[in-house]
Amino acid sequence: IDSSYVHGAGIGVVGSCLAAAGANVLITDLPVLVKHGIGPNLLRNGRANSIRRDSGEEECDHRQQLCPKFLIDTFASETTATDDTASLDAVKLGKGWAKSAVLDWFKPVEEQLPLSTTSDIDVIVACDCIFLRKLADPLLTTIATIFEHSSASNPKFFFTFQRRK
């Protein structure tokens, strides 16, 4: 996985694990979860990762790896301009990079993420992000839009969900 994207990420566990394993990940959810969950967790994990590297626990070549452009180009939408964590820089986690961004499935993707970000997505992961059936169509429309913009020859979508009564 080179450029992946995690939909409805909650507190960012799946995206952080993908980054630690070497993926470059854009982790998205609604504003409140980005501000109070994903963003702070990425900061904490990024600092912990930096401390481990500085103490010599990790290979030096991980420090040399540059942040991928698609994560640098991510911008905050108008609806998130006041969110402290909406414009955080990407953080190095393990062998990869991660960044949080707000994405509301009920709004056009183009208004929330730049084309330079969505065009580099080759994998989308969505884990247990649908808790109401009415969210399925907006999720699939958002994914279809991102794949339309993707320059990947064969983008992938991995999806898990729990059936709820």
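Refer to the preceding data block for the structure.
From a predicted model like this one, the values you see are computed outputs, not experimental measurements. Residue indices follow the written sequence of each chain, beginning from 1 at its first position. Residue-level local features of this predicted model are given only where pLDDT is at least 70; pairs of side-chain atoms are given and counted only at 80 or more, and the full residue set underlies all totals for whole chains, interfaces and linings. Excluded from the side-chain calculation are hydrogens and water; included are all heavy atoms of the structure.

Enquirer: Which residues make up the overall build of the protein chain, and what values do they have?
Expert: A tally of regular secondary structure across the protein chain gives 6 helices and 6 strands. Listed N to C, the secondary structure of the protein chain is β-α-β-α-α-α-β-β-α-β-α-β in terms of helices and strands. Looking at the protein chain residue by residue over its 165 residues, the buried ones come to 47%. Partitioning the contacts of the protein chain with sequence separation of at least 6, the portion at a separation of at least 24 is 73%. Carbon and sulfur atoms form 56% of the exposed surface of the protein chain, whose accessible area is close to 8900 Å². Helix and strand labels come from DSSP, where a helix needs a run of H or I of at least four residues and a strand needs a run of E of at least two; each type is numbered from the N terminus. Each residue gets one of three labels from its accessible area relative to the maximum for its type: buried under 20%, exposed over 50%, partly exposed in between, using a 1.4 Å probe on protein chains only. By the convention used here, residues are in contact when the closest approach between their heavy atoms is within 4.5 Å. The protein chains shown are the only cover counted for residues, whose accessible areas, like all others here, come from Shrake-Rupley with a 1.4 Å probe.

Enquirer: Please provide a residue-by-residue account of the side chain of Thr145, values included.
Expert: In this fold, Thr145 is placed in helix H6 (residues 136-149). Side-chain atoms alone can form a polar contact between residues adjacent in sequence; in general such a contact is a pair of N or O atoms within 3.5 Å, and within protein one must be able to donate a hydrogen while the other accepts it. Within polar-contact distance, the side chain of Thr145 engages the backbone oxygen of Thr141 at 2.9 Å. Beyond its immediate sequence surroundings of up to four residues, Thr145 is in contact with Val109 and Glu110.

Enquirer: Could you give an account of unusual backbone geometry, naming the residues involved and the relevant values?
Expert: A positive phi angle is found at Asp128, which is not glycine, with a value near 50°. Structurally, Asp128 is set in the loop between strand S5 (123-127) and H6. On the basis of relative accessible area, Asp128 is assigned to the partly exposed category, the value being 37%.

Enquirer: Summarise a nonpolar patch on the surface; cite the residues concerned and give the values.
Expert: Nonpolar side chains collect at one region of the surface, where Leu30, Val32 and Leu33 lie side by side and expose about 240 Å² of accessible area between them. Mapped onto the secondary structure, Leu30 falls in the loop between strand S2 (24-29) and helix H2 (31-54). Patches were defined on residues exceeding 30% relative accessible area and lacking a salt bridge, with like-charge contacts within 9 Å and nonpolar side-chain contacts (Val, Leu, Ile, Met, Phe, Trp, Tyr) within 5 Å. Counted as salt bridges are all cases of a side-chain nitrogen of Lys or Arg within 4 Å of a carboxyl oxygen of Asp or Glu.

Enquirer: I'd like to hear about the pairing of strand S4 (residues 96-102), residue by residue, with values.
Expert: Taken across its 7 residues, S4 has 7 buried, putting it largely inside the fold. Neither face of S4 is exposed, since Gly96, Ala98, Ser100 and Val102 on one face and Trp97, Lys99 and Ala101 on the opposite face are all buried. Two strands are said to pair when DSSP picks up at least two bridges between them. Examined bridge by bridge, S2 and S4 share 6 bridges and lie parallel to one another. Bridge pairing in S4 links Thr28 to Ala101. One ladder, built from 3 bridges, connects strand S3 (residues 91-93) with S4; its direction is antiparallel. Counterpart to Lys92 in the pairing with S4 is Trp97. A loop of 2 residues connects S3 with S4, the two strands running antiparallel in sequence, and Gly94 in this loop sits at a positive phi of about 60°.

Enquirer: Can you break down helix H1 (residues 13-20) residue by residue, with the values?
Expert: When H1 is considered as a whole, its buried residues turn out to be Gly15, Ser16, Leu18 and Ala19. Seen from one end, H1 has its buried residues packed into an arc of 160°, which puts them on one side. Here the arc refers to the directions that run from the helix axis out to each C-beta atom.

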